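Chain by chain, the residues:
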Amino acid sequence: MTTHQPLAVGLVGAGRMGSFHAETLARRLPGVRLAAVADPAPGAADQLADRLADHLGSPTAYTEIGELLADPGIEAVVISTPARTHAALVVAAARAGKAVYCEKPMAVTLAEADRAIAAARDAGVPLQVGFNRRYDTGFRAAHDKIAAGDIGTPQLLRSLTRDPKLNDPSRIPPWTIFLETLIHDFDTLRFLNPGAEPVEVFAWADALVRPDFKDRGLLDTAVVTIRFDNGALATAEANFQAVYGYDVRGEVFGSAGMLTMGDIRRTHLTSYGPDGAAADCVTYDQDLFHDAYVAELADFADSVRTGRTPSATGEDARAALSIALAAVRSVTTGVPVGIAELKGEQGRVKA
């Protein structure tokens, strides 16, 4: 690849997150070109491609993902499809010789994760996973301070995700709260405890927002405790309906200080009036993490050009998945689960 040519990227998945990534690839990243969009839903790829047309024309639209992967002009692929399709698409894209960016989770079983990692390694292509909090300025600064020893040895960590609204619970697959929501927090806790790995997990979960869907497998509220091999203790929590907005925060308490990350306020403006103090809150992930979403794709493009390892790898995705699967087993059994207990198994969850 010649460095003066724009990096030709194909997008797989034209849904909500895929559309945002498509706009980033088409309009926000110098030296990157959105070459194609693929989505099996009739008309979805065409509509997105037409919306992003410019003076050079529209990205090529495909309904067959295999046709996009077979296009020799495409150097890299961004996968933003439903979670349970990710691993197979990573394998297919890598075998087609494309660099791969995959939204989280990269896989929902350890066997799938291993196949995805192996496919990228065998093909010699970069594999990056969409853990966007690593690219948020506050979380990144916290990581750097912790790695530099500014707060001493991490002892207590906390990460939380509270979504603004639970819309249609019937469309949420079982164990989503661990595999698709808290997977971010599990990666964040590893990121904020550099060099340490989880050894034991205990989890509670229930349907507190919509208890009428619990018998259909819905879990909308969860708390997970994690013990790391450096002795640190961590808590991750999630809820699918925070009426005040989209709430993502982190905290690390160390032997020499503490760091906190995250702010739900839309701006630093606070209004004071007869009803008290008030601030507008963020209610959408693409608003709270807009710059982080752009930065992670910029990092991916740079890793493709330079050949360096991405900042969020397939191995990172597997490690976060191990915590998620241990949490699933802990909820099922009611006892703590060692990460080592998952080794040598498929790490499969029941639908």
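Rules of the game
- Residues numbered from 1 in each chain as written.
- Predicted model: local features only at pLDDT ≥ 70, side-chain atom pairs only at ≥ 80, totals over all residues.
- Heavy atoms only, no water.
- Pairing = 2+ DSSP bridges.
- Helix = DSSP H or I, 4+ residues; strand = E, 2+ residues; numbered from the N terminus.
- Polar contact = N/O pair within 3.5 Å; in protein donor to acceptor, adjacent residues only side chain to side chain.
- Axes fitted to C-alpha atoms, helices over the stretch in contact; angles between N-to-C directions.
- Contact = heavy atoms within 4.5 Å.

Visitor: Mind showing me how you'd approach the pairing of strand β11 (residues 247-254) here?
Guide: For a regular strand, the rule is simple: side chains alternate between the two faces of the sheet. Taken together, the eight bridges between strand β7 (residues 154-162) and β11 define a ladder with antiparallel strand orientation. Residue pairing across strands places leucine 156 opposite phenylalanine 253, the latter belonging to β11. Direction of pairing for β11 relative to strand β12 (residues 257-261): antiparallel, over a ladder of five bridges. Each residue of the ladder has a partner; that of valine 252, found in β12, is leucine 259. The hairpin formed by β11 and β12 contains two residues between the paired strands.

Visitor: Any chance you could explain the environment of aspartate 247 here in plain terms?
Guide: Tracing the sequence through the fold places aspartate 247 in strand β11. One polar contact links aspartate 247 to tyrosine 244, side chain to side chain, over a distance of 2.6 Å. Within the local environment of aspartate 247, its side chain forms a polar contact with the side chain of arginine 249, the two groups lying 2.8 Å apart.

Visitor: Please explain the sheet that holds strand β5 (residues 99-103) as it appears in this structure.
Guide: If you walk across this open sheet you meet the six strands as β3-β2-β1-β4-β5-β6, and the pairing is parallel. A single partner strand is all that each edge strand has here, and the edge strands are β3 (60-62) and β6 (127-130). Ignoring strand direction, the axes of neighbouring strands in this sheet form an average angle of 20°. Relative to β5, strand β4 (residues 76-79) is paired through four bridges, and the arrangement is parallel. Across the sheet, the residue bridging to valine 78 is tyrosine 101, located in β5. In this fold helix α2 (residues 44-51) packs onto β1 (7-12), β2 (32-38) and β3, with an angle of close to 165° to the strand it touches most, β3.

Visitor: What is the right way to look at unusual backbone geometry in this model?
Guide: Glycine aside, a negative phi is what most residues show, and trans is what most peptide bonds show. Backbone torsion omega between lysine 104 and proline 105 reads -15°, so that peptide bond is classified as cis. When you line up the elements, proline 105 lands in the loop between β5 and α5 (110-123). Positive phi is not limited to glycine here, since tryptophan 175 has a value of about 70°. Position of tryptophan 175 among the secondary structure elements: in the loop between β7 and α7 (176-191).

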